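Listed here are the chains, written in short residue letters.
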Amino acid sequence: MEKLRKVSRQEYLKKREKKMLDEIRDHIDDEKYLFGGVNLTQTEYREIRYKKQIYNLLKNTTDDEAYDREYRIPESHDDHPEKRFAAALQRYRDDPIDESRKTRLSEQETWEEHQIRKVTMKFGSKNRKRKQDDHDFVFVKMPDRAAFRNERETLPIYSYRDDLLRAINDHRVLIIVGETGSGKTTQIPQYLHEAGYTAGGKMIGCTQPRRVAAMSVAARVSKEMGVKLGREVGYSIRFEDRTSEKTVLKYMTDGMLLREFLRESDLASYSVVMVDEAHERTVSTDILFGLVKDIARFRTDLKLIISSATLDAEKFSDYFDSAPIFRIPGRRYPYEIHYTKAPEADPLDAAIVTVLQIHVSQPPGDGDILVFLTGQDEIETAEEILKYRTRRLGSKIAELVICPIYANLPTELQAKIFEPTPQGARKVVLATNIAETSLTIDGIKYVVDPGFSKMKSYNPRTGMESLLVRPISKASADQRAGRSGRTGPGKCFRLYTVHHFCNDLDDNTVPEIQRTNLANVVLILKSPGIKDPHKFDFMDPPPTEALLKASELLYALSALNEHGELTKVGRRMSEFPLDPMLSKMIVASDKYKCSHEIISIAAMLSVGNSIFYRPKGKQVHADNARLNFHVRDVGDHIALLKVYSSWKEADFSSQWCYENYIQVRSMKKARDIRDQLEGLLKRAEIELISNPNDLDAIKKAIVSGYFPHSARLQKNGLYRTVKHPQRVYIHPTSGLAQGLPRWVIYRLRSTCGKSPN
DNA sequence: GTTTCATTT
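Chain A has the name RNA helicase in an unreviewed UniProt entry, where Rehmannia glutinosa is given as its organism. Heading Catalytic activity (unreviewed entry) of the UniProt record for chain A holds this comment: "ATP + H2O = ADP + phosphate + H(+)".

Asker: How should I be thinking about the overall build of chain A in this particular structure?
Answerer: Within chain A, the secondary structure is distributed over 30 helices and 22 strands. Looking at the 757 residues of chain A, the share that counts as buried comes to 52%. For chain A, the exposed area adds up to about 35,400 Å²; of that, 50% sits on carbon and sulfur atoms.

Asker: Sorry if this is basic, but what is going on with the protein's contact with DNA strand B here?
Answerer: Neighbouring residues of DNA strand B: 29 residues in total, closest R238, T253, A407, K454 and R614. Restricting attention to atoms of DNA strand B within 4 Å of the protein, one finds that 54% of them are sugar or phosphate atoms. Within the backbone of Q376, an N or O atom sits 2.9 Å from a phosphate oxygen of DNA strand B. Contact between DNA strand B and A407: a phosphate oxygen at 2.5 Å from a main-chain N or O atom of the residue. Listing elements by their share of the surface near DNA strand B, those giving two or more residues are helix 12 (254–263) and strand 15 (452–459). Among the elements that take part in the surface near DNA strand B, helix 12 stands out by supplying three residues, more than any other. Across the surface near DNA strand B, the residue classes tally to 11 nonpolar, eight polar and 10 charged.

Asker: Please explain the pattern of salt bridges as it appears in this structure.
Answerer: It is possible for side chains of opposite charge to pair when their charged atoms get near one another. With the rule as written, the count across this model stands at 34 salt bridges. Within the structure, one salt-bridge network assembled from shared partners comprises R152, R161, D162, E194, R220 and E224.

Asker: Which parts of the structure should I look at to understand the confidence of the model for chain A?
Answerer: Any region with low pLDDT has predicted coordinates that should not be read closely. Mean pLDDT over chain A: 77, with 78% of residues reaching 70 or higher. Predicted confidence is poor over residues 1–8, with pLDDT under 50, and the contacts of this stretch with residues over four places away or in other chains come to zero contacts. pLDDT under 50 marks residues 749–757. Its contacts with residues more than four places away, or in other chains, come to 40 contacts.

Asker: Honestly, the sheet that holds strand 6 (residues 249–253) in this entry has me stumped. Any pointers?
Answerer: Remark on secondary structure: sheet strands pair via backbone hydrogen bonds, oriented parallel or antiparallel. The strand order across the open sheet formed by eight strands is 5-4-6-3-7-8-2-9, and the pairing between neighbours is mixed. Either end of the sheet is taken by a strand with one partner, and the two such strands are strand 5 (240–242) and strand 9 (325–328). When the angles between neighbouring strand axes are averaged without regard to direction, this sheet yields 20 degrees. As paired strands, strand 2 (residues 173–178) and strand 8 (residues 303–308) are joined by five bridges and run parallel to one another. Counted as the bridge partner of L174 is I305 from strand 8. Its contacts with the sheet place helix 12 against strand 3 (203–208), strand 4 (233–237), strand 6 and strand 7 (270–275), and it is angled at close to 105 degrees to strand 6. Strands strand 3, strand 7 and strand 8 of the sheet are contacted by helix 13 (residues 283–298), whose axis makes an angle of about 150 degrees with strand 8.

Asker: Would you take a moment to explain a positive patch on the surface for this structure?
Answerer: A cluster of like positive charges, contributed by K228, R231, R242 and K246, occupies part of the molecular surface. When you line up the elements, R231 lands in the loop between helix 11 (211–225) and strand 4.

Asker: Before we go on, may I ask you to explain the nonpolar core in this structure?
Answerer: Core analysis: the largest hydrophobic core is formed by 97 residues, its most contacted members being F576 and I586. The element that contributes the greatest number of residues to this core is helix 13, accounting for eight residues. Listed in part, the 30 residues of the second largest apolar core include I157, C206, A218 and L229.

Asker: Explain the packing of helix 12 against helix 13 to me, please; I cannot follow it from the model alone.
Answerer: In a pair of packed helices, the angle between the axes and the distance between the axes together describe the arrangement. Here helix 12 crosses helix 13 at 45 degrees, and the two axes come no closer than 9 Å. Put simply, helix 12 runs oblique to helix 13. For the element pair helix 12 and helix 13, the recorded crossing hand is left-handed. Residues D254, G255, L257, L258 and F261 of helix 12 form the contact with helix 13, whose own contacting residues are S284, T285, I287, L288, L291 and I295.

Asker: For this particular structure, what's the right way to read the packing of aromatic side chains?
Answerer: Geometrically, a pair of aromatic rings is defined through the distance of the ring centres and the angle of the planes. Summed over the entire model, instances satisfying the criterion amount to 13 aromatic pairs. Ring plane angle 50 degrees and centroid distance 6.3 Å describe the contact between F289 and Y319, whose orientation is recorded as tilted. Residue F289 is located in helix 13, and its partner Y319 is located in helix 14 (residues 313–319); the two are separated by 30 residues in the primary sequence. A relative accessible area of 8% means that Y319 is categorised as buried. Aromatic pair F536 and F538: ring centres 4.8 Å apart, planes at 65 degrees, arrangement edge-to-face. Here the two residues F536 and F538 agree in accessibility, since each one is buried. Among the aromatic side chains, those forming a connected cluster through ring pairs are F289, F316, Y319 and F320.

Asker: Before we go on, may I ask you to explain the side chain of Q187 in this structure?
Answerer: By secondary structure assignment, the location of Q187 is in helix 10 (residues 184–194). Not counting the four nearest positions on each side in its chain, Q187 is found in contact with R152, L155, I157 and E224.

Asker: What should I look at first to understand helix 30 (residues 695–706) in this one?
Answerer: Helical geometry note: an α-helix holds 3.6 residues per turn, so side chains three or four residues apart project in the same direction. Compared with the 16 Å implied by 1.5 Å per residue over 12 residues, the 16 Å span of helix 30 between its first and last C-alpha is a close match. For helix 30, a buried count of nine out of 12 residues is recorded, marking the element as mostly surrounded by other parts of the structure. Residues of helix 30 that are buried: A697, I698, K699, A701, I702, V703, S704, G705 and Y706.

Asker: How should I be thinking about the pairing of strand 2 in this particular structure?
Answerer: Where a strand is regular, its side chains alternate between the two sheet faces. Among the six residues that make up strand 2, six are buried, leaving the element largely enclosed by the rest of the structure. The alternating pattern of strand 2 places V173, I175 and V177 on one face and L174, I176 and G178 on the opposite face, and all of these are buried.

Asker: What exactly am I supposed to notice about the packing of helix 25 (residues 595–606) against helix 30 here?
Answerer: For the pair helix 25 and helix 30, interaxial distance at closest approach is 10 Å and the crossing angle is 50 degrees. Here helix 25 is positioned oblique relative to helix 30, judged by the angle of their axes. Of the two elements, helix 25 crosses helix 30, and the hand of that crossing is right-handed. Counted together, E597, I598, I601 and L605 of helix 25 and I698, A701, I702 and Y706 of helix 30 form the full contact between these two elements. In the contact of helix 25 with helix 30, the residues fall into seven nonpolar, no polar and one charged.

Asker: For this particular structure, what's the right way to read the state of the cysteines?
Answerer: Where two cysteines share a covalent bond between their sulfur atoms, that bond is called a disulfide. Taken as a whole and assessed by the stated rule, the structure comprises zero disulfides. C502 supplies the cysteine sulfur nearest to C492, a cysteine that is in no disulfide, at a spacing of 14 Å. Classification of C492 by relative accessible area gives buried; the value is 0%.

Asker: Any chance you could explain the environment of D286 here in plain terms?
Answerer: Inspection of the secondary structure puts D286 in helix 13. Spatially, the C-alpha atoms of D286 and I444 are 32 Å apart, while their sequence positions differ by 158 residues. Excluding anything up to four places from it in sequence, D286 contacts R281, P511 and I513.

Asker: Any chance you could explain helix 21 (residues 519–526) here in plain terms?
Answerer: Buried residues dominate helix 21, accounting for seven of its eight residues. Those residues of helix 21 that sit buried are A519, V521, V522, L523, I524, L525 and K526. Buried positions along helix 21 lie against helix 12, helix 13, helix 22 (544–556), helix 23 (568–573) and helix 24 (580–591).

Asker: Would you mind going over unusual backbone geometry with me for this structure?
Answerer: Negative phi values dominate among residues other than glycine, just as trans dominates among peptide bonds. Although it is not a glycine, R281 sits at a positive phi angle of roughly 55 degrees. Secondary-structure assignment places R281 in the loop between strand 7 and helix 13. Overall, R281 belongs to the buried group, its relative accessible area being 5%.

Cut-offs used in this document
Residues numbered from 1 in each chain as written. Chains lettered and ligands numbered in written order. Predicted model: local features only at pLDDT ≥ 70, side-chain atom pairs only at ≥ 80, totals over all residues. Heavy atoms only, no water. UniProt positions renumbered as here; feature names shortened; annotations may be inferred. Helix = DSSP H or I, 4+ residues; strand = E, 2+ residues; numbered from the N terminus. Buried < 20%, exposed > 50% of the residue type's maximum accessible area, 1.4 Å probe, protein only. Areas by Shrake-Rupley, 256 points an atom, 1.4 Å probe, with all protein chains shown as cover. Near = heavy atom within 4 Å. Polar contact = N/O pair within 3.5 Å; in protein donor to acceptor, adjacent residues only side chain to side chain. Nonpolar A, V, L, I, M, F, W, Y, C, P; charged D, E, K, R; others polar. Salt bridge = Lys/Arg side-chain N within 4 Å of Asp/Glu carboxyl O. pLDDT = per-residue confidence, 0-100. Contact = heavy atoms within 4.5 Å. Pairing = 2+ DSSP bridges. Axes fitted to C-alpha atoms, helices over the stretch in contact; angles between N-to-C directions. Patch = residues over 30% accessible without salt bridge, like charges linked within 9 Å, V, L, I, M, F, W, Y side chains within 5 Å. Lys, Arg positive; Asp, Glu negative; His and termini not counted. Charge placed at Lys NZ, Arg CZ, Asp CG, Glu CD. Core = buried A, V, L, I, M, F, W, Y, C linked by side-chain atoms within 4.5 Å. Parallel < 35°, antiparallel > 145°, perpendicular 65-115°, else oblique. Left-handed = near helix turned anticlockwise from the far one by under 90°. Phe/Tyr/Trp six-rings, centres within 6.5 Å; stacked < 30°, edge-to-face > 60°. Expected span 1.5 Å × (residues − 1). Disulfide = S-S within 2.5 Å.

Given below as structure tokens:
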């Protein structure tokens with residue numbers, strides 16, 4: 001009975017999908033353009049063939065287990081952190097400003113003072129001593145050259161130099177465990193160079209997950225070696241290649257090495273590849289693992305170094321056929337960890353109270369406070385409350401300088417966290433995860449960790465990505481704690497219980513490759529001729545269904561043929577470092593003679609964050625400014641194009657951006673991406689043609705990339721996606737929110753929709 | 001009915 005119902009529901013869905021496809025055909029005059037030059041009957045035909053292929057694939061994987069593998073989709077947490085945050089935010093917004101609540105406030109005041117007095121009691125119990133990592137290289141001051149030799153020799157790694165070189169000589173793959181501060185990133189490549197691994201012009205490549213890291217480490221090493229940056233020592237990141245013929249030590253982002261691999265699939269110009277910060281498990285590092293492991297099998301002269309933080313060392317070793325592990329101690333200060341005795345009902349409130357407690361009970365000037373919060377909204381709220389409460393305490397306490405920091409904060413405001421704290425005051429830094437790995441702030445002694453962060457997750461069933469507030473992992477909690485006391489011993493206040501830490505938190509954060517849309521990954525894996533991404537040697541395989549979903553999308557975009565092989569279109573698409581739907585859009589623009597406009601749109605869309613600046617208190621002005629770019633119900637893509645061309649007409653002026661509530665940084669990034677895309681057109685055999693007035697042509701090109709994300713207006717005013725029966729609605733900030741066109745194409749988590757008519 | 005942690009090619 002149960003089974004029957006299931007099957008009939010599937011059939012029902014299938015029928016409905018077909019019906020919707022039929023309806024599309026009825027509503028669109030030019031049926032060719034909606035499906036990128038393929039008429040519908042053919043699409044249906046392909047769909048059937050593709051379903052068959054998936055069926056075969058599944059049959060070949062044999063075990064149902066693989067198919068049913070647990071998807072790493074975060075389940076809704078029992079106590080709904082999001083709801084709790086939302087409620088807390090609301091409460092605080094209503095709270096302090098309202099005059100009629102004075103009685104309640106004075107009660108709160110008494111309570112607060114009471115709390116502050118008993119501060120030492122509260123965190124007295126349950127200490128756990130931990131060691132602490134010392135320094136990254138990003139903001140290290142450069143001493144003069146004469147001092148370098150000495151300084152190099154005082155690094156912890158120096159005493160292991162000979163053993164290390166012997167181990168590398170004896171093994172093809174070596175796992176190196178060394179905490180930050182051991183000097184591995186700067187020293188190992190130099191040791192290898194001194195030992196002759198760069199003879200014959202071969203390079204030593206060292207990958208970093210972040211651009212700044214690659215740049216600054218290269219700068220540091222070139223100074224240590226006394227050579228000009230970009231000559232013997234260089235770096236290679238997107239938009240900037242500072243290497244030359246002479247370069248032997250090359251620092252680069254992991255994504256960059258991946259792109260290089262697509263051009264030179266045996267990495268012949270390298271004698272050593274060092275994958276640094278491997279524990280961060282970025283998608284690029286994870287793919288590199290598989291590729292590099294494969295290369296090392298036939299290139300016996302290639303040395304492989306995987307360097308990671310302590311926790312996963314055995315796992316890395318297992319993956320690389322029991323490669324030996326080499327441990328190097330770091331240079332650390334001790335830090336204490338304090339837990340709460342009982343769980344906190346309201347993490348934001350607890351964090352604020354803790355900050356005030358620390359501030360009042362500890363002498364000013366002994367160290368600053370770092371608080372980890374989940375996002376911009378929460379940081380802004382916390383800032384308001386803290387300002388309000390410290391103002392009320394007035395001269396009873398020392399000054400508290402509040403510094404918010406998150407990636408989307410305009411750069412000039414970000415600089416504030418690096419300003420030294422004034423005499424007699426204390427700085428409290430309210431940060432997102434950005435302070436966990438990407439930047440280090442001097443002078444932090446106290447860390448307040450409520451134990452949550454926002455995480456991207458991908459649901460392969462619906463093809464939807466979402467951002468959820470989730471408890472962090474143990475590794476992440478330790479990383480946060482380690483941020484205390486870079487300058488001396490520190491303290492970390494965890495706003496949860498020891499029990500929660502030990503029993504509820506995962507050991508490690510789920511690797512990104514298991515919670516992301518894999519379309520791009522599959523396209524990359526297809527290009528060098530890896531026959532089956534399902535058989536790719538992932539260290540942590542992504543869910544089978546996510547891979548299938550990705551292949552299915554690429555097939556629909558005609559990047560793969562019915563045998564799962566890369567087509568000509570697919571090859572042209574893979575030239576672009578973009579999401580496949582955007583790449584397809586560009587490839588299609590060749591046909592519609594509007595590549596000039598489409599690459600602008602693609603660049604604007606692929607700037608990670610929003611182009612529009614919407615500061616608190618000025619939302620109305622910002623929204624009005626944005627409306628200037630929407631001419632009637634023309635769609636948000638066209639609006640983005642207008643933003644870009646207006647900026648260009650204004651000579652790329654920053655002033656213009658301020659006047660129009662546009663993020664300068666995002667626009668500059670869009671311009672960089674656009675320039676790069678323009679350069680790549682030739683490789684993909686696309687002509688650069690401008691056709692700014694034919695909006696229909698532009699829309700057609702967009703649709704041929706984005707048709708898998710189309711949704712149709714229903715009678716009740718909501719939209720329903722075509723591919724999966726999923727209810728969606730247009731974000732109120734979209735230019736289409738009022739018009740409600742019959743059809744839209746959409747981009748998830750974003751303010752973009754557009755009508756195809 | 002009003003958003004979005006962090007990265008990267």
